[in-house]
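# Per-entry structural report
Here are the chains, one letter per residue:
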Amino acid sequence: MASRLLWATRAASFLRISVPYRGFATVIKDLKYADSHEWVKVEGNSATIGITDHAQDHLGDVVYVELPDEGAEVTQGAGFGAVESVKATSDINSPVSGKVIEVNTKLNDSPGLVNASPYENGWIIKVEIKNADELNCLMDPDQYCKFCEEEDAKH
């Protein structure tokens, strides 16, 4: 048993995955997180945005994702779409301001990608960042893990 745990810890470290205290949700290092449970991966002047593993877990099976149009402007903290699950419908807020340069159209036919692969195949939009300083308002993985733990303790 101990050797399996050691192997899992090493594998998570190699993959740059941080597993928070709550064993069910994964938080990826090198991403930034909003308090509305969206993640952002910055590459140069563009940002890939999706909802976190924690969010998709609380939503349950996603059955529909409302996507914005390419070219649409998004504003930090404002809604740009929605995720509908078997439990609820939830707005998706943008963690950064900018112009939508790509939309994950695979979600039209396979909205469950948000559940199965929230940080890879289940991304929602890519944005050309308008103001990189906005990233300073977002949480790092450790802060987000703590935020989730505190939020879950309230419920």
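Report follows, based on the coordinates. These figures come from a predicted structure and were not determined experimentally. Residue positions are given per chain, counted from 1 along the sequence in the order it is written. With the structure being a predicted model, the display of local features is reserved for residues of pLDDT at least 70 and the display and counting of side-chain atom pairs for 80 or more, all residues being used for whole-chain, interface and lining totals. Excluding hydrogens and water, the side-chain values take into account all heavy atoms of the structure.

### Describing the sheet that holds strand 11 (residues 125-129)
At least two bridges found by DSSP between two strands is the condition for calling them paired. Helix and strand assignments come from DSSP, with helices taken as H or I runs of at least 4 residues and strands as E runs of at least 2, each series counted from the N terminus. The strand order across the open sheet built from six strands is 3-4-5-11-10-7, with neighbouring strands paired in antiparallel fashion. Every interior strand has two partners, whereas the edge strands, strand 3 (32-33) and strand 7 (73-74), have only one. Sheet topology places strand 3 next to strand 4 (residues 38-43); two bridges connect them, and they run antiparallel. Within the sheet, the bridge partner assigned to Lys32 lies in strand 4 and is Val40.

### Thoughts on the pairing of strand 8 (residues 79-85)
Here the term buried applies to any residue with accessible area under 20% of the maximum for its type, exposed to any over 50%, and partly exposed to those in between, with areas from a 1.4 Å probe on protein chains only. In terms of burial, strand 8 is a largely internal element, five of the seven residues being buried. Judged from the four bridges that link them, strand 6 (residues 62-66) and strand 8 form a sheet pairing that is antiparallel. The residue of strand 8 that forms the bridge with Val62 is Ser85. Pairing geometry for strand 8 and strand 9 (residues 89-93), over five bridges, is antiparallel. Considered in strand 9, the bridge of Val83 is made with Ser90. Turn length for the strand 8-strand 9 hairpin, with the two strands adjacent in sequence and antiparallel, is three residues.

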